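# Descriptive structure summary
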Amino acid sequence: MSLKEQITEDMKTAMRAKDSERLGTIRLLLAAVKQKEVDERIDVDDATLVGIVDKLIKQRKDSISQFTAAGRMDLADKETAELKVLEVYLPQRLSEAEIKAEVAAIVTELGAKGPADMGKVMGAVKGKLAGKADMGLVSAAVKAALAG
């Protein structure tokens, strides 16, 4: 079963259970998938879908920090609930040590020497680790590997 089919089944389950919060989040995810399919005239595969989920999670985390800073805990709690629903659809993430090992291997493979090679290294790393790791941690690991 593809990830998209799994999400559709989860939506049906949430409808039957009358779980309106979960249903709303899943519908939001499916709307983002549909938007991507229409805009780019493609059928979304699992890798692309993970990218969409990743983007939505990043938006939720940004919103949570903004709402918390503004003292709007009601909205922060709503975003946190959505975040938990979305995280279910991500594959197991690499640990920080695994990310550093992958980045070090790619830096060695490309023969990157310093910060000037950041773009080249990030391009290769994104291709290999997209959907498997938090790109914020990946970026930090690349900076650290190229700095010293």
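Shown above is the structure to which this text applies.
Residues numbered from 1 in each chain as written. Predicted model: local features only at pLDDT ≥ 70, side-chain atom pairs only at ≥ 80, totals over all residues. Heavy atoms only, no water.

## Description of the layout of surface pockets
Approximately 400 Å³ is the volume found for the largest pocket. The wall of the largest pocket is formed by 18 residues, among which D54, R93, A133, D134 and M135 lie closest to the centre. Every element with two or more residues in the lining of the largest pocket is listed here: helix 3 (46-69) and helix 7 (135-147). The volume enclosed by the second largest pocket comes to roughly 160 Å³. Looking at the second largest pocket, the residues that line it are A32, K36, T48, G51, I52, K55, L56 and Q59. At the level of elements, helix 2 (20-40) and helix 3 are the ones that each hand at least two residues to the lining of the second largest pocket. When residues in the lining of the second largest pocket are grouped by element, the largest group, 6 residues, is from helix 3. Across the lining of the second largest pocket, the residue classes break down as 3 nonpolar, 3 polar and 2 charged. (1 Å grid on protein atoms, 1.4 Å probe; cavity = no way out; pocket = protein on both sides within 12 Å on 5 of 7 lines; lining within 4 Å. Points joined across faces, edges and corners; volume = space filled by probe spheres on them. Helix = DSSP H or I, 4+ residues; strand = E, 2+ residues; numbered from the N terminus. Nonpolar A, V, L, I, M, F, W, Y, C, P; charged D, E, K, R; others polar.)

## Regarding the nonpolar core
Core analysis: the largest hydrophobic core is formed by 22 residues, its most contacted members being I7, I26, L29, V53 and Y89. Those elements giving two or more residues to this core turn out to be helix 1 (3-17), helix 2, helix 3 and helix 4 (73-87). Judged by nonpolar contacts, the second largest core, of 14 residues, contains V107, A133, A141 and V142. (Core = buried A, V, L, I, M, F, W, Y, C linked by side-chain atoms within 4.5 Å. Buried < 20%, exposed > 50% of the residue type's maximum accessible area, 1.4 Å probe, protein only.)

## Remarks on the pattern of salt bridges
Using the criterion set out here, one finds 11 salt bridges in the structure. Measuring nitrogen to oxygen at the nearest pair gives 3.9 Å for the salt bridge that ties R22 to D10. Pair noted here: R22 is in helix 2 and D10 is in helix 1, with a separation of 12 residues, a long-range link. Among the ionic contacts, a cluster of salt bridges with common partners joins R60, K78, E79 and E82. (Salt bridge = Lys/Arg side-chain N within 4 Å of Asp/Glu carboxyl O.)

## Some remarks on helix 4
Relative to the 21 Å expected for 15 residues at 1.5 Å per residue, helix 4 spans 20 Å between its end C-alpha atoms, a close match to the ideal helical length. Burial in helix 4 covers these residues: A76, E79, E82, L83, V85 and L86. (Expected span 1.5 Å × (residues − 1).)

## So, the side chain of E79
In this structure, E79 sits in helix 4. When neighbours within four sequence positions are excluded, E79 is seen to be in contact with R60, S63, I64 and F67. (Contact = heavy atoms within 4.5 Å.)

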